[in-house]
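The lines below spell out each chain.
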Amino acid sequence: MTHFAPRFRIVQALLYGFVGLWSAFVLMPVAWMIFAAFKTRREIFTDPLGLPGQWTFDSFRRAWGVGLGQFMFNSVVVTTSAVLIILLVSGLAAYVIARSRSVWMKLLYLLIVAGFAVPNNAVIVPLYQMVTAADFGNSHFGIVWVYAAYGIPFTTILFFAFFLDFPRELEEAARLDGCRPWAVFFRVVMPLSGPAIASAAIFQAVFIWNEFLLALLLLTQPDKKTLPVGILQLQGEFTSDWPAVMAGLSIATLPIILLFLILQRSFVRSLAGLGK
Amino acid sequence: MTDMSRQTGATPTWYGRIAASQSMLVLPALVLCTLFIFIPAFLTIVGSFYAFGLTSERWTPVGLANYVKAGNDPIFWVALKNNLIIVFGSIVMQVGIGTVLAAILDRGIGFGQVFFRVVIFMPMVISAVAVALIWLIILDPNIGILNALVKSLGLSPPTRGWLGDPSISIWMVLIVAGWQYTGFMMVLILAGLQAIPKDLYEAAALDGARGMRAFWSITLPNLRNVLLVAVLITTIGGFKVFDLIFVLTGGGPANATQVLGTYIYLQAFTLTNMGYANAIAVVLLAIAVLLGWLQLKASRQS
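Keep in mind that what you see is a predicted model, and the values were worked out from it rather than measured.

Engineer: Describe the overall build of chain A, with residues and values.
Structural biologist: Scanning chain A from terminus to terminus reveals 15 helices and zero strands. Relative to the 2.2 N^0.38 estimate, which gives 19 Å for 276 residues, the radius of gyration of chain A is 24 Å and therefore markedly larger than a compact globule would have. For chain A, the C-alpha atoms occupy an extent of roughly 75 × 70 × 35 Å along the three principal directions. With 276 residues in all, chain A has 56% of them scored as buried. Put simply, of all contacts in chain A between residues at least 6 apart along the chain, 74% involve residues at least 24 apart. When the accessible surface of chain A is summed, it comes to about 12500 Å², and 68% of that surface belongs to carbon and sulfur atoms.

Structure follows, in structure tokens:
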């Protein structure tokens, strides 16, 4: 290693410089959002680049008054329900298909997989009309099923691949102990599918938590809105009160960033799974 | 031999039982996908041959008129062109820089990989709406830090603002998209890099191939499929883009940043030309289905 040490060090410095620069580019807007939230309305004009003069939580209090707590609660309810439905429905479908030898089941699999390619913003007109005609507008119950439907194809693909590799000896053993097929699924297969379930759950949760277009169209009542639609209100509510907007954005984004920092390994593995 | 015959004897009846009586368990998935994906997709295509409003009961058949209208609508072509700019710009920025970052994190630097990976990936978990709102203020001509930075360098920022100037705004969208998704591409490609056997590099080093030469002769060929998937995901994302542009520019100024997604929304829910919106949506649907099919094909190979 030592014989090319000097050149090696220059190259290392350049490489660190590149990732360092990009990291700074990524961190700067987030850091600025937090600093701006603590500034006064005057400071943000007179000294946009500097640190806040004093650290007060006034703007956070103003921002919270918009109903961020309600939006966050709504997002938690909608995301949790939709992800649970996706896991259960896709898990069952993928297992039955993976263990079936019928050609029809393979065709059904291909049909479900075909849904993966359809983006919701390309079919938004009938989707909106159907959901509102069924009187499911402004209802979390309604939007949860739509979110579930759009999560099912990819999750079914994921589970299908996982169940194909699942050791069948374990299922055979359970069967010999007298388990019925559904009991094999719930007592043997699912408990041993932790990594696949976690991966699928994180992936879908990130997308549903952040989903905007459907929520914008279907949840128009203030008490029904989820976070992505709710934070849009900050802009209208606080014209020229930029610290309050930034405080609201901080409240909305920092919990999810914190959760990501805690579970970063699982997050990265889950989302990188899209490439496999 | 006996073991195998026992298995093949037992398997069909048991799995056969699943196929027969449990096959109904596929139904929930099938019903949900049919109801909210396939039927809307079908109705989008059907609706593109009619004229109707947001709440109107009457659908007037118009044949291909909506498609002819799209062909003669300069804004439709601007939107499609903008989608292509975002697609190619994002491939260069997100996949290009993502590959370089991934290569550096994989073999280039000794420590700090986890830290850099976490920081650079982080924007991916924030909602595009929040990202757009943060950048909206950063790019604001009155209070934005970009203006302050440019002025402090002794240069003059664009007079109409970064997002108010039609010739600049689409590039700003591209930068914000790059800010959010380059880290995603990086981890995707990093996973591909880490799957390349390390002894390939050792063998190449014995032959005198290190650094850039090893990158060209080992890394890139082994990464081909992952890169293809990364390019396809970015392409699909570039055609589907909605949130970022809706909040950053709303498609403006003067439709300069309109994309298919925002134009469908504008025609459908602002101007209530539902039939015309469907015709534009069919174009987006066709592109997305084609690319999605390619993506599944490519990822099955890897």
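Engineer: Before we move on, could you go through the confidence of the model for chain B and cite the residues and values that matter?
Structural biologist: When pLDDT is averaged along chain B, the result is 87; 92% of the residues meet or exceed 70. Here residues 1-12 of chain B is modelled with pLDDT under 50, and outside its nearest four sequence neighbours on either side it reaches seven contacts, counting other chains as well.

Engineer: Which residues make up helix 8 (residues 166-194) of chain B, and what are the values?
Structural biologist: Residues and elements named next belong to chain B. For helix 8, with 29 residues, the first-to-last C-alpha span of 42 Å sits near the 42 Å given by 1.5 Å per residue. Along helix 8, the sharpest change in direction is near 40 degrees and occurs at Y181. In terms of burial, helix 8 is a largely internal element, 21 of the 29 residues being buried.

Engineer: Provide a residue-level description of unusual backbone geometry, including the pertinent values.
Structural biologist: Residue and element names in this part refer to chain B. Cis rather than trans, the peptide bond between G252 and P253 has omega equal to -5 degrees. Examined against the element boundaries, P253 turns out to sit in the loop between helix 11 (243-248) and helix 12 (260-270). Look at A254: it is not a glycine, yet its phi comes out positive at around 50 degrees. Position of A254 among the secondary structure elements: in the loop between helix 11 and helix 12. We classify A254 as exposed; its relative accessible area is 77%.

Engineer: I'd like to hear about the interface of chain A and chain B, residue by residue, with values.
Structural biologist: Listed by partner, the interface residues are 94 residues for chain A and 100 residues for chain B. Taking both sides of the interface into account, the surface hidden between chain A and chain B amounts to around 8900 Å²; carbon and sulfur atoms contribute 81%. When the buried area of chain A at its contact with chain B is split by residue, Y16, W22 and V125 of chain A rank highest and sum to 7% of it. Viewed at the interface, chain B and chain A are joined by zero salt bridges.

Engineer: Mind laying out the side chain of S23 of chain A, listing which residues take part and the relevant values?
Structural biologist: For S23 of chain A, the location among the structural elements is in helix 1 (residues 5-38). Excluding residues that lie within four positions of it along the chain, S23 of chain A makes contacts with F116, V119 and I120 of chain B.

Engineer: How would you summarise the packing of aromatic side chains if you had to cite specific residues and measurements?
Structural biologist: Throughout the structure, instances matching the rule amount to 38 aromatic pairs over all chains. A ring pair is formed by Y95 of chain A and F163 of chain A, whose centres lie 5.6 Å apart and whose planes are at 90 degrees; its orientation type is edge-to-face. In this pair, Y95 of chain A sits in helix 4 (residues 68-99) while F163 of chain A sits in helix 7 (residues 140-164), placing the two residues 68 residues apart along the sequence. What makes Y95 of chain A buried here is its relative accessible area of 3%. Relative accessible area serves as the criterion here: at 0%, F163 of chain A is assigned to the buried category. Of the aromatic side chains, those joined through ring pairs into one cluster are Y95, F159, F162, F163, F166, F185 and F186 of chain A. Above the face of the Y276 of chain B ring, K69 of chain B is positioned so that its terminal group lies 4.2 Å from the ring centre.

Engineer: Can you break down the environment of V268 of chain A residue by residue, with the values?
Structural biologist: With respect to the helices, strands and loops of the structure, V268 of chain A is situated in helix 15 (residues 264-272). Each C-alpha atom of the pair V268 of chain A and I202 of chain A lies 9.6 Å from the other, and the pair is 66 residues apart in sequence.

Engineer: Tell me what's going on with the nonpolar core, and back it up with residues and numbers.
Structural biologist: The biggest cluster of nonpolar side chains holds 203 residues, and the ones touching the most others in it are I231 and L249 of chain A together with I189 of chain B. Tallying contributions element by element places helix 4 of chain A first for this core, with 17 residues. Ignoring any residue separated from it by four or fewer positions in sequence, one finds I231 of chain A in contact with L68, L249 and A252 of chain A together with S127, V129, A130 and L133 of chain B.

Engineer: Account for helix 6 (residues 124-133) of chain A, with residues named and values stated.
Structural biologist: Burial within helix 6 of chain A is extensive, with seven of its ten residues counted as buried. Note on helix 6 of chain A: the residue one or two positions beyond its end, D135 of chain A, has a positive phi of about 60 degrees.

Engineer: Talk me through the domain arrangement of chain A; I want residue IDs and the actual numbers.
Structural biologist: Residues and elements named next belong to chain A. Per the domain assignment, the segments of chain A are domain 1 (2-56) and domain 2 (66-275). One C-alpha centre belongs to domain 1, the other to domain 2; they are set 34 Å apart. Counting residues at the interface gives ten residues for domain 1, matched by eleven residues for domain 2. Between domain 1 and domain 2 the total buried area reaches about 800 Å² when both faces are included, carbon and sulfur atoms providing 80% of it.

Engineer: So what's going on with the UniProt feature "transmembrane region" (unreviewed entry) in chain A? Residues and values would help.
Structural biologist: Residues and elements named next belong to chain A. Within this numbering scheme, the UniProt entry marks residues 13-38, 71-95, 107-131, 143-164, 184-209 and 242-263 as carrying the feature "transmembrane region" (unreviewed entry). Secondary structure across residues 143-164 comprises 100% helix and 0% strand; the distance between its end C-alpha atoms is 32 Å. The annotated region residues 242-263 carries 95% helix and 0% strand content, and the separation between its end C-alpha atoms amounts to 31 Å.

Engineer: Kindly report on the UniProt feature "transmembrane region" (unreviewed entry) in chain B, identifying the contributing residues and their values.
Structural biologist: Residue and element names in this part refer to chain B. With numbering matched to this structure, UniProt assigns "transmembrane region" (unreviewed entry) to residues 25-52, 84-105, 114-138, 168-191, 226-248 and 276-296. Between the end C-alpha atoms of residues 25-52 there is a gap of 38 Å, over a span that is 75% helix and 7% strand. Measuring from the first to the last C-alpha atom of residues 276-296 gives 30 Å, for a span that is 100% helix and 0% strand.

Cut-offs applied
Residues numbered from 1 in each chain as written. Chains lettered and ligands numbered in written order. Predicted model: local features only at pLDDT ≥ 70, side-chain atom pairs only at ≥ 80, totals over all residues. Heavy atoms only, no water. Helix = DSSP H or I, 4+ residues; strand = E, 2+ residues; numbered from the N terminus. Rg over C-alpha atoms; globule rule 2.2 N^0.38 Å. Buried < 20%, exposed > 50% of the residue type's maximum accessible area, 1.4 Å probe, protein only. Contact = heavy atoms within 4.5 Å. Areas by Shrake-Rupley, 256 points an atom, 1.4 Å probe, with all protein chains shown as cover. pLDDT = per-residue confidence, 0-100. Expected span 1.5 Å × (residues − 1). Bend = angle between axes of the 7 residues up to and from the residue. Buried area = accessible area lost by both parts, 1.4 Å probe. Salt bridge = Lys/Arg side-chain N within 4 Å of Asp/Glu carboxyl O. Phe/Tyr/Trp six-rings, centres within 6.5 Å; stacked < 30°, edge-to-face > 60°. Lys NZ or Arg CZ within 6 Å of the ring centre and 35° of its normal. Core = buried A, V, L, I, M, F, W, Y, C linked by side-chain atoms within 4.5 Å. Domains from an automatic or database assignment. UniProt positions renumbered as here; feature names shortened; annotations may be inferred.

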